[in-house]
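Observations on the three-dimensional arrangement
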Amino acid sequence: QVQLVESGGGLVQAGGSVRLACAVSRGTFSNYQMAWFRQAPGKGREFVAFITSSGGSITYADSVKGRFTISRDNAKNTVYLQMNSLRPEDTAVYYCRAQVLANFYWGQGTQVTVSS
């Protein structure tokens with residue numbers, strides 16, 4: 001079973017930066033398409049960013065475009081989310097997801113809280 005563990009969340013002031021990491025174990029990481037989602041209190045889970053297995057194609061939600069950067073290091077089996085210019089509305093639990101063919105695997109999430 002593929003396992004994903006997110007890290008790097010915490011409390012940050014508005015305008016600040018945080019880098020999340022998601023370490024993936026088992027399977028072949030370089031085959032996985034990776035994505036970040038988030039879920040704010042009282043809301044559904046929403047898409048944040050996506051990166052293909054090779055890193056050659058990246059997609060962002062409009063709400064984070066220009067502020068967040070997704071990247072991956074296939075040698076370290078890790079995907080990152082660099083979050084800059086954070087806003088209070090970015091407060092959420094952030095989840096990473098691995099996809100291979102029709103199979104999806106989720107991490108347990110990491111809390112990011114942005115204070116105004």
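In the block above lies the structure referred to throughout.
First things first, this report covers the structure right here in the doc. As the structure is a computational prediction, the values presented were derived from the model and not from experiment. (Residues numbered from 1 in each chain as written. Predicted model: local features only at pLDDT ≥ 70, side-chain atom pairs only at ≥ 80, totals over all residues. Heavy atoms only, no water.)

Considerations on the side chain of arginine 67
Tracing the backbone shows arginine 67 in the loop between β6 (58-60) and β7 (68-73). Only 2.9 Å separates the side chain of arginine 67 from the backbone oxygen of serine 63, close enough to count as a polar contact. If near-sequence neighbours (up to four positions away) are discounted, arginine 67 is found in contact with Gln82, Met83, Asn84, Ser85, Leu86, Arg87 and Asp90. (Helix = DSSP H or I, 4+ residues; strand = E, 2+ residues; numbered from the N terminus. Polar contact = N/O pair within 3.5 Å; in protein donor to acceptor, adjacent residues only side chain to side chain. Contact = heavy atoms within 4.5 Å.)

A few points about the sheet that holds strand β3 (residues 18-25)
Taken in spatial order, the four strands of this open sheet run β1-β3-β8-β7, and their pairing is antiparallel. Either end of the sheet is taken by a strand with one partner, and the two such strands are β1 (3-7) and β7. On average, each strand axis in the sheet is inclined to that of its neighbour by 15°, with strand direction left out of account. Note: β3 against strand β8 (residues 78-83), six bridges, orientation antiparallel. Looking at β8, one finds that cysteine 22 is bridged to valine 79. (Pairing = 2+ DSSP bridges. Axes fitted to C-alpha atoms, helices over the stretch in contact; angles between N-to-C directions.)

Looking at the state of the cysteines
Overall, the coordinates contain one disulfide when judged by the stated rule. There is a disulfide in this structure between cysteine 22 and cysteine 96, and the S-S distance comes to 1.9 Å. Where cysteine 22 bonds to cysteine 96 through sulfur, the torsion about that S-S bond is close to 50°, and the disulfide is right-handed. Taken together, the positions of cysteine 22 in strand β3 and cysteine 96 in strand β9 (residues 92-100) put the pair 74 residues apart, joining distant regions of the chain. Given a relative accessible area of 0%, cysteine 22 falls into the buried group. (Disulfide = S-S within 2.5 Å. Buried < 20%, exposed > 50% of the residue type's maximum accessible area, 1.4 Å probe, protein only.)

Details of the pattern of salt bridges
Applying the stated rule across the entire model yields four salt bridges. Aspartate 90 is the partner of arginine 67 in a salt bridge, and the nearest nitrogen-oxygen pair spans 2.8 Å. In this pair, arginine 67 is assigned in the loop between β6 and β7 and aspartate 90 in the loop between β8 and β9, connecting sequence segments 23 residues apart. With respect to class, arginine 67 is no different from aspartate 90; both count as buried. (Salt bridge = Lys/Arg side-chain N within 4 Å of Asp/Glu carboxyl O.)

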